[in-house]
Amino acid sequence: MTPQEAQLKIQELSKELEQHNYNYYALDNPTISDFEFDKKLEELIFLEKQFPEFLSPNSPSQRVGGQITKEFKSVKHQYAMLSLNNSYNEEDLLDFDRRVREGLGMASGLREPQPPSAIDLFSASTSLSGQIEYVCELKFDGLSISLIYEEGKLVQAITRGDGVQGDDVTTNAKTIKSIPLQLKGNFPKKFEIRGEVFMSRPVFDAINKEREEIGDALMANPRNAASGTMKMQDSAQVAKRKLDCFLYHVLGEDLPHPTHFENMQSAKLWGFKISEQAKLCSGINEVLDFIHHWDKERFKLPFDIDGIVIKVNNYKQQKNLGFTAKSPRWAIAYKFKAEQVSTELQSISYQVGRTGAITPVANLKPIPLGGTTVKRASLHNADIIEKLDVRVGDYVFVEKGGEIIPKIIGVDLTKRKSGTEPTHYITHCPECNTLLQRNEGEANHFCPNENECPPQVIGKMEHFVSRKAMNIDSLGGETIVQLFNAGLVKTIADLYDLKKEQLLPLERMAEKSANNLIEGLEASKQVPFERVLYAIGIRHVGETTAKKIAKKVKSLDVLINASREELLEIDEVGEIIAISIADFFSNEKNREIILKLKQAGLQFELSEEQQQGGSDKLKDLTFVISGVFAKHSRDQYKDMIELHGGKNSGSISKKTSFVLAGDNMGPEKLKKAQSLGVKLITEDEFLEMVSG
Ligand code: IVH
């Protein structure tokens, strides 16, 4: 290929990929399969490697991140990033409307005809009845960002900061797929566009689920998660967090329309993600209708909002109204009320989580709140209990915010009875009576007795048998509790000593279930090393990290003896994980458990095949296995996929590259694969792919 041809092809592929990104992330309407997308992206990356002179900083290949920002540069905003005045009720909004009308010299009083002069002056955005044209938008709960485009290219992304200057987060912003790197259509030469970076609820829940599984601290809410992510130095990590961005404010000298709403519609055509929910409203009454609607419906959205933003649509009117020192006079935020009630605190209990973290819980006199009856609420930690001076017998204010569990936000001191005692936080574990500890900088106390404290041991066992770990599905949570309570198992290693005769006396344990359990344990001895490594429950070692470690060290013995430096060399292993691994193996009890598991016959090293046969042939490909196979079992195919760098998934989606289809594949799956254009392959075709 000549350099000219390569340049053309690179441009063509970049344009095409950016369009597909837009279809997928801004419009939610993909037109090609992920497999085709990945193929095109691979081709682009290949060409850019061969002809680096044509690699543009805004190429779609740059979205995967990888660049490290050592320090975020502080930059001055060309237009200050102001905040909005808040309003909390209808009266505030009627006042706002009155101020707007008066500011524009319009007669006050709703729905009265206006004198012709006023209509002439504001005809573009003032209806005949003299109503102001407002745009109502959702108030997204994330962090605001300003994006600067020149000649259709993203040149800089800046956080709000103090409003006058913010941090240059361009590298991280480029990983957000809904932020276009190259615009299309008829965009202005130079302009700034502002919006909110956020994390959707499903992404937030999935990340927290994984963090919980490996004992990482949970993220408090999607807003904190989004702002924490934008401050990360490694943009590859940012890319993994799947942030999103709605745009809501465009600024520039040569915008195509004299109104906000129309310019936002144009911005959509240039490639931005614009909220579908924004609405043009004639007059404050329509604004109130919009607010009432979203106050009820907001919980159905897949992202958090904390209110509604109301903006005067017409720029001339905006200009006439101007700004105060802090905020525009032409816009206001309406904040939803977090529903709040007051009820009696009957007692405080302390829960011990799987990782030993202690959570104080308020037991309340039951009270309806936000559609459910609330009986319990989070009391956060010892510091907050002390700060709020919460006492048993108090009337406390309970609120349902963005988090699912209601929380106590204060005490109604006017109702405090005499003789109540200040709360003394527990000093010992309520489950095993061990002295609690608290790490510096951490809010929660924890019980350090990880190998004997019942909820911790049971939690470890549940994790050990879970699907992604040893996958012993014949051993459920209830049976684990029974086994533990009966004194039959004290550690995960004891599971392998279980005999059928010991199981049969247990409640609801039939002959068949007992056989299945023993067989399940036996079969788990073939589970490959990387999953065993994940299953033993080293704090912070998740599924992916375990795979990376296993691939690198090849056996547990090497891992146990690895130095800090050697550990840090492994991909995905940083300081915290290295310390956690060292702590785990320095614990005498853990070493005993490992030895026992080894004697039971678990895989503590990569198999011959894994050591020799691995490859990157299926890198970036996702497979769904369906049906019955003749040559290998489904599990063997799953392992082969991973061995060659591919990913397994349980359900067909836009992200599926291939369905490995055996006999009797379900008709629903077939239909789904066909409708999404996902290719089906036979087992022979698959074996061909991984061989040779
Ligand atoms: S407009 C001058 N529109 O709310 C106008 N802001 O307190 C500036 N926000 O800092 C903002 N959704 O982070 C606007 N649809 C929306 C918004 C929105 C969320 C945030 C934004 C801003 C804060 C204002």
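Thresholds, definitions, all that
- Residues numbered from 1 in each chain as written.
- Predicted model: local features only at pLDDT ≥ 70, side-chain atom pairs only at ≥ 80, totals over all residues.
- Heavy atoms only, no water.
- Salt bridge = Lys/Arg side-chain N within 4 Å of Asp/Glu carboxyl O.
- Helix = DSSP H or I, 4+ residues; strand = E, 2+ residues; numbered from the N terminus.
- Buried < 20%, exposed > 50% of the residue type's maximum accessible area, 1.4 Å probe, protein only.
- Phe/Tyr/Trp six-rings, centres within 6.5 Å; stacked < 30°, edge-to-face > 60°.
- Lys NZ or Arg CZ within 6 Å of the ring centre and 35° of its normal.
- Core = buried A, V, L, I, M, F, W, Y, C linked by side-chain atoms within 4.5 Å.
- Contact = heavy atoms within 4.5 Å.
- pLDDT = per-residue confidence, 0-100.
- Near = heavy atom within 4 Å.
- Polar contact = N/O pair within 3.5 Å; in protein donor to acceptor, adjacent residues only side chain to side chain.
- Areas by Shrake-Rupley, 256 points an atom, 1.4 Å probe, with all protein chains shown as cover.
- 1 Å grid on protein atoms, 1.4 Å probe; cavity = no way out; pocket = protein on both sides within 12 Å on 5 of 7 lines; lining within 4 Å.
- Sits in = over half its atoms within 2 Å of the grid points.
- Pairing = 2+ DSSP bridges.
- Axes fitted to C-alpha atoms, helices over the stretch in contact; angles between N-to-C directions.
- Left-handed = near helix turned anticlockwise from the far one by under 90°.
- Nonpolar A, V, L, I, M, F, W, Y, C, P; charged D, E, K, R; others polar.
- Points joined across faces, edges and corners; volume = space filled by probe spheres on them.

So, the pattern of salt bridges
(1) Moving on: Considering all chains together, one arrives at 43 salt bridges under this definition.
(2) Moving on: In this structure, the salt-bridge partner of E344 is K417, at a minimum N-O distance of 3.1 Å. In this pair, E344 is assigned in strand β12 (residues 340–352) and K417 in the loop between β16 (407–411) and α13 (454–465), connecting sequence segments 73 residues apart.
(3) Moving on: In this structure, the salt-bridge partner of E642 is K547, at a minimum N-O distance of 3.2 Å. Taken together, the residues span a long stretch of sequence, with E642 in helix α24 (residues 634–643) and K547 in helix α18 (residues 543–553) at a distance of 95 residues.
(4) Moving on: Residue classification places K547 among the partly exposed residues on the basis of a relative accessible area of 28%.
(5) Moving on: Salt bridges here are not isolated pairs; linked through shared partners, they connect K240, K548, D571 and E572.

Quick word on unusual backbone geometry
(1) Moving on: Its identity is not glycine, yet E572 carries a phi of approximately 80 degrees, on the positive side.
(2) Moving on: The backbone of D620 sits at a positive phi, close to 70 degrees, despite the residue not being glycine.
(3) Moving on: Inspection of the secondary structure puts D620 in the loop between α23 (608–613) and β17 (622–626).

Some words on the packing of aromatic side chains
Each aromatic ring pair is characterised by the separation of its centres together with the angle its planes make.
(1) Moving on: A complete count under the given rule lists 24 aromatic pairs for this structure.
(2) Moving on: Ring centres of F290 and W294 lie 6.4 Å apart, and the angle between their planes is 55 degrees; this geometry places the pair in the tilted category. Highlighted residues: F290 and W294, both in helix α10 (residues 284–297), separated by four residues, approximately one helical turn.
(3) Moving on: The exposure class of F290 is buried, given its relative accessible area of 6%.
(4) Moving on: Directly above the aromatic system of F246 lies the positively charged group of K273, at a separation of 5.2 Å from the ring centroid.

Digging into the nonpolar core
(1) Moving on: One finds F464, L495, L533 and L597 to be the most contacted residues of the largest nonpolar core, which totals 55 residues.
(2) Moving on: Residue contacts for L495: discarding those within four places in its chain leaves F464, V465, L475, L483, V489 and L521.
(3) Moving on: Counting 35 residues, the second largest nonpolar core, distinct from the first, contains Y149, M199, I207 and A225.

A word on the confidence of the model for the protein chain
(1) Moving on: On average, residues of the protein chain carry a pLDDT of 90, and 96% of them reach 70 or more.
(2) Moving on: Ignoring residues within four places in sequence, the model shows residues 109–123, a span with pLDDT below 50, making 24 contacts including any to other chains.

Quick notes on the site of the ligand
(1) Moving on: By nearness alone, every residue bordering the ligand is listed as L84, E137, L138, K139, F140, S144, E196, Y248, H249, V309, K311 and P328.
(2) Moving on: E137 places a polar side-chain atom, nitrogen or oxygen, 2.9 Å from a nitrogen atom of the ligand.
(3) Moving on: Take K139: an N or O atom from its side chain is 3.2 Å from an oxygen atom of the ligand.
(4) Moving on: Taking 530 Å² as the accessible area of the ligand by itself, protein coverage stands at 89%.
(5) Moving on: Of all the cavities here, the one that holds the ligand is the second largest pocket.
(6) Moving on: Listed by contribution, the elements that provide at least two residues to the shell around the ligand are β3 (133–140), β8 (244–251) and β10 (305–312).
(7) Moving on: Per-element accounting of the shell around the ligand gives the leading share, four residues, to β3.

Some remarks on the environment of I214
(1) Moving on: Tracing the backbone through its elements, the reader meets I214 in the loop between α6 (201–213) and α7 (222–230).
(2) Moving on: With 397 residues separating them in the primary sequence, I214 and Q611 have C-alpha atoms 26 Å apart.
(3) Moving on: With residues near it in sequence (within four places) discarded, I214 still touches R354, Y534, R539, H540, V541 and G542.

Observations regarding the sheet that holds β3
(1) Moving on: Spatially, β2-β11-β10-β3-β9 is the arrangement adopted by the five strands of the open sheet, whose pairing is mixed. Two strands close off the open sheet at either side, each with one partner strand: β2 (86–87) and β9 (279–282).
(2) Moving on: Sheet topology places β10 next to strand β11 (residues 331–335); five bridges connect them, and they run antiparallel. By the bridge assignment, K311 is partnered in β11 with A331.

Details of the packing of helix α3 (residues 90–103) against α10
(1) Moving on: Running from N to C, α3 and α10 cross one another at 150 degrees; their axes reach a closest spacing of 10 Å. Relative to α10, the crossing made by α3 is right-handed. Facing E90, L93, L94 and D97 of α3, the residues of α10 in contact are I284, L288, I291 and H292.
(2) Moving on: Class assignment for the residues of the contact of α3 with α10 results in five nonpolar, one polar and two charged.

Topic: empty space enclosed by the protein
Remark: the empty space left among the atoms is shown by a probe the size of a water molecule rolled over them.
(1) Moving on: Under the defined criterion, the tally for this structure stands at four cavities of 30 Å³ or more.
(2) Moving on: The calculated volume of the largest cavity comes to roughly 110 Å³.
(3) Moving on: Residue lining of the largest cavity: 13 residues in total, with N451, K460, T491, I492 and I593 positioned closest to the centre.
(4) Moving on: Broken down by secondary-structure element, the contributors of at least two residues to the lining of the largest cavity are α13 and α22 (588–600).
(5) Moving on: In terms of residue class, the lining of the largest cavity is made up of seven nonpolar, three polar and three charged.

A look at the layout of surface pockets
(1) Moving on: By volume, the second largest pocket is sized at about 1,200 Å³.
(2) Moving on: What lines the second largest pocket is a set of 38 residues, among which L82, R194, H249, P328 and W330 lie closest to the centre.
(3) Moving on: Residue assignment for the lining of the second largest pocket shows that the elements contributing at least two residues are β3, β4 (143–150), β7 (190–198), β8, β10, α11 (315–321) and β11.
(4) Moving on: Of the residues belonging to the lining of the second largest pocket, the class tally is 18 nonpolar, ten polar and ten charged.

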